[in-house]
Amino acid sequence: DGLDLPLLRELYMHRNKLQRIGNLSGCPRLRKLWLFQNKISTISGLQATPELVECWLQSNLIDNLSGFENNPQIQSIGLAGNPIKDFRELKKLIPCKKLMELSFSDIHFGRCPIADEEGYRDFILLNLKQVMVLDGIQITKEKQTAAEDAYLSHVKSLNDSLQEI
């Protein structure tokens, strides 16, 4: 039922109307997985790909990011054009310590609703500090510092408001 391709390094199955990520246990050397523009709603089976570094799942039906926590080596994830709208989902990427490139919005696949939420960018910069490119834009040290400053200012404002009560 699953693929039995033990030396396979790259798998491109975009635009195939796939509804799920199949059993990838027969592809332990897989490094690049492109499944964009399908009908996938759940991220599953990635734990069988310990060498996976790039996963493109843009323009699917994904709204839950469970499934990446077993891929700490992943470096690039494309999710633009999916119905992701909850900040709690972004926190599920925290175990991905090598994640350097992340996309929830791009010109080819559109935007996830979360990308339009206030504080989206700062939230990622604060919680996923290893990300160097977000939505195709390089993260500079200045942007990282500005996000930290904005967060600290917000916390101070909340503390001041609480003290007034």
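Note that this is a predicted model, so its numbers are computed, not measured.

Trainee: Any chance you could explain the overall build of the protein here in plain terms?
Mentor: Scanning the protein from N- to C-terminus turns up three helices and nine strands. Ordering the α and β elements of the protein from the N terminus gives β-β-β-β-α-β-β-β-α-β-β-α. Taken across its 165 residues, the protein has 39% of its residues classed as buried. For the protein, restricting intrachain contacts to residue pairs at least 6 apart in sequence, the fraction spanning at least 24 positions comes to 35%. For the protein, the accessible surface area stands at approximately 9,400 Å², while carbon and sulfur atoms represent 53% of it. Here the protein holds 20 positive side-chain charges and 21 negative ones, and the gap between their average locations is 5 Å.

Trainee: Can you walk me through the pattern of salt bridges in this structure?
Mentor: Should the charged atoms of two oppositely charged side chains come close, the side chains can pair. Tallying each qualifying case throughout the model produces seven salt bridges. When the shortest N-O distance is used, the salt bridge between Glu51 and Arg9 registers 2.6 Å. With Glu51 in the loop between β2 (32-34) and β3 (54-56) and Arg9 in the segment before β1 (10-12), the pair connects residues that are 42 residues apart, well separated along the chain. Accessibility expressed as a relative area gives 30% for Arg9, which makes it partly exposed. With its nearest N and O atoms 2.7 Å apart, the salt bridge here joins Asp116 to Arg111. Residue classification places Arg111 among the partly exposed residues on the basis of a relative accessible area of 45%. One network of salt bridges, with partners in common, ties together Arg9, Arg29 and Glu51.

Trainee: So what exactly am I meant to see when it comes to the environment of Ser25 here?
Mentor: Considering the arrangement of structural elements, one finds Ser25 in the loop between β1 and β2. Look at Ser25 and you get partly exposed, because its relative accessible area is 47%. Ser25 sits 21 residues away from Leu46 along the chain, and the two C-alpha atoms are 8.6 Å apart. Polar contacts involving the side chain of Ser25 include one to the side chain of Asn23, which spans 2.8 Å.

Trainee: Explanation requested: the side chain of Ser59 in the structure shown.
Mentor: Position of Ser59 among the secondary structure elements: in the loop between β3 and β4 (76-78). Here the side chain of Ser59 touches Phe109 through a polar contact of 3.5 Å, landing on its backbone oxygen. Not counting chain neighbours up to four residues away, the residues in contact with Ser59 comprise Gln37, Asn38, Ala80, Gly81, Asn82 and Phe109.

Trainee: I'm lost on the sheet that holds β4 in this one. Help?
Mentor: Backbone-to-backbone hydrogen bonds pair the strands of a sheet. The strands run either parallel or antiparallel. Strand order in the open sheet formed by seven strands is β1-β2-β3-β4-β5-β8-β9, with mixed pairing between adjacent strands. The sheet is open, and its two borders are formed by β1 and β9 (137-138), each paired with just one other strand. Both strand β8 (residues 133-134) and β9 contribute to a ladder of two bridges, which runs antiparallel. Looking at β9, one finds that Leu134 is bridged to Ile137.

Trainee: What should I look at first to understand the nonpolar core in this one?
Mentor: Soluble globular proteins tend to bury their nonpolar side chains together. In terms of nonpolar packing, the biggest core is built from 39 residues, with Leu33, Leu57, Leu65, Phe68, Leu93, Leu102 and Phe104 touching the most fellow members. Broken down by element, this core gets its largest block of residues, four residues, from helix α2 (residues 120-127). Not counting residues up to four positions away in its chain, the partners in contact with Leu33 are Leu11, Leu24, Leu46, Leu52, Glu54, Cys55 and Trp56.

Criteria and cut-off values
Residues numbered from 1 in each chain as written. Predicted model: local features only at pLDDT ≥ 70, side-chain atom pairs only at ≥ 80, totals over all residues. Heavy atoms only, no water. Helix = DSSP H or I, 4+ residues; strand = E, 2+ residues; numbered from the N terminus. Buried < 20%, exposed > 50% of the residue type's maximum accessible area, 1.4 Å probe, protein only. Contact = heavy atoms within 4.5 Å. Areas by Shrake-Rupley, 256 points an atom, 1.4 Å probe, with all protein chains shown as cover. Lys, Arg positive; Asp, Glu negative; His and termini not counted. Charge placed at Lys NZ, Arg CZ, Asp CG, Glu CD. Salt bridge = Lys/Arg side-chain N within 4 Å of Asp/Glu carboxyl O. Polar contact = N/O pair within 3.5 Å; in protein donor to acceptor, adjacent residues only side chain to side chain. Pairing = 2+ DSSP bridges. Core = buried A, V, L, I, M, F, W, Y, C linked by side-chain atoms within 4.5 Å.

Read these as geometric descriptors, not functional statements.
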